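A structural walkthrough
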Amino acid sequence: MTFPLSDTEEQYDAVRRDEVALRPGVDALLSSLGHTGDVQRFAGGSLPVYAVGDDLVLKLYPPVYAEETGLESGVLDAVHGRLPVATPRVEAVGEYDRWGYVLMERLPGAELKDVWPTLDLAARHDLAAQLGEVFAALHGLPVPDVEGLRFDDWDAFVKEQKAGAAEQQRSRKLGEEWIEQIPAFLDSVTLPAGAPVLLHTESMPDHFLIGDDGRLSGLFDFEPALRGAWQYEFVAPAVFFTGEGVLARILSSYGKPLDARTIMAYTLLHEYSHLPWYMEVLPESKATTLDDLAHDWWD
């Protein structure tokens, strides 16, 4: 075997950052695909991703997450050329030594997360309008028939997340004075019904690119894509693009209103919800209730 054993999350966690263990498999895979030259791993991401020269990106999926190979490649095929920004074109997809892989086009541009802190308010609002247009276009596409694209029953997902919301935040070390409010708060919010749409779900500055002209130029990382309610999409923007009216500008461009209590509800229901961390990165608040916290953050 050229790739390390990764049949469980524990096995994968032990090698996910170990380039001594991973690079023999990467080099053998690329050689089998006829690609040679400079290969550099990107620093971020939960899965190993490599720049292959200037034009390609290789993303790997260990056996424990092998089903995500077809999911991401299928969604990339479905959205390519159909959004206001570029998305990677899939060049090759398959399995090598039991690890899945997607070889895709490398998009030009700088990562928005690196550029955002340098922008003035006018530039941020201009980009916010573009973000809203991207989300509207994405949610306007037909939901693709891609194997592994969750969820066929959105209501069942919401019910399950609701039942476990308090315990999820307890596992994140949220204070009990907040945890005890979660069930009643979620019961008090009526989540709007609607036809499920295709969701990116991690639409944060890390996954957008910006060109030299100051406009959004790319969107990538569709591995966590879901089928669900459009409001769920805006949890990430609410956390990462909050303040200075930016979120309001995104929603105005998107074309639908979204109140603060609904944002808070979906923030608590999100698969990766981490309220203690949000309290560190979002504007400081003296609120003692979830209602007031939602108001301070998103009204």
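Here we summarise the structure given alongside this text. Counting starts from 1 at the beginning of each chain's written sequence and moves along it residue by residue. Under the rules for a predicted model, residues below a pLDDT of 70 receive no local features and side-chain atom pairs below 80 are neither given nor counted, while totals for whole chains, interfaces and linings still include all residues. To get the side-chain values, take all heavy atoms of the structure and skip hydrogens and water.

Turning next to a negative patch on the surface. In this scheme, patches are assembled from residues that exceed 30% relative accessible area and form no salt bridge. Like charges are connected within 9 Å, while nonpolar side chains (Val, Leu, Ile, Met, Phe, Trp, Tyr) are connected within 5 Å. Residue-level accessible areas treat just the shown protein chains as cover; the underlying method is Shrake-Rupley with a 1.4 Å probe. Definition used for salt bridges: Asp or Glu carboxyl oxygen within 4 Å of a side-chain nitrogen of Lys or Arg. The sign given to each residue is positive for Lys and Arg and negative for Asp and Glu; His and the chain ends receive no count. In plain terms, the charge of a residue is placed at NZ if it is Lys, CZ if Arg, CG if Asp and CD if Glu. Taken together, the side chains of Asp259, Asp292, Asp296 and Asp299 present a region of like negative charge at the surface. Secondary structure elements are taken from DSSP: a helix is a run of H or I of four residues or more, a strand is a run of E of two residues or more, and numbering for both begins at the N terminus. In this structure, Asp292 sits in helix H13 (residues 290-298).

The next thing to look at is helix H10 (residues 246-254). Exposed residues in this analysis have more than 50% of their type's maximum accessible area, buried residues have under 20%, and partly exposed residues fall in between, with area computed by a 1.4 Å probe over protein chains only. For H10, every residue scored as buried is listed here: Val246, Leu247, Ile250, Leu251 and Tyr254. The buried residues of H10 all sit within an arc of 135° when viewed along its axis, so they share a single face. Exposed and oriented more than 90 degrees from the buried face of H10 are Ala248 and Ser252. In this fold, the buried residues of H10 make contact with helix H5 (121-140), helix H9 (235-240), helix H11 (260-269) and H13. Downstream of H10 by a residue or two, Gly255 has a phi angle that is positive, lying close to 100°. Think of the arc as the fan of directions from the helix axis to the C-beta atoms. Here, residues are in contact when the closest pair of their heavy atoms is within 4.5 Å.

Before going further, it helps to spend a moment on the pairing of strand E3 (residues 56-61). Taking burial as the measure, the 6 residues of E3 include 6 buried ones, the bulk of the element. Burial of the side chains of E3 extends over both faces: Leu56, Leu58 and Leu60 are buried on one face and Val57, Lys59 and Tyr61 on the other. Note: strand E2 (residues 49-52) against E3, 4 bridges, orientation antiparallel. If you follow Tyr50 over to E3, its bridge partner there is Leu58. Both E3 and strand E5 (residues 99-105) contribute to a ladder of 6 bridges, which runs antiparallel. Residue pairing for E5: Leu58 is matched across the bridge by Leu103. Strand pairing follows a simple DSSP-based rule, namely that at least 2 bridges must link the two strands.

This next bit is on the sheet that holds strand E8 (residues 208-210). Taken in spatial order, the 3 strands of this open sheet run E6-E8-E9, and their pairing is antiparallel. Of all the strands in the sheet, the pair left with one neighbour each is strand E6 (110-111) and strand E9 (216-219). Across 3 bridges, E8 lies against E9 in antiparallel orientation. Its bridge partner lying in E9, Ile210 is registered against Leu216.

Attention shifts here to the pairing of E2. Here E2 shows two buried faces, one formed by Val49 and Ala51 and the other by Tyr50 and Val52. Where strand E1 (residues 39-41) lies against E2, 3 bridges are found, and the strand directions are antiparallel. Paired with Arg41 across the bridge in E2 is Tyr50. Where E2 folds back on E3, the antiparallel hairpin that results is connected by 3 residues, among which Gly53 adopts a positive phi of roughly 65°.

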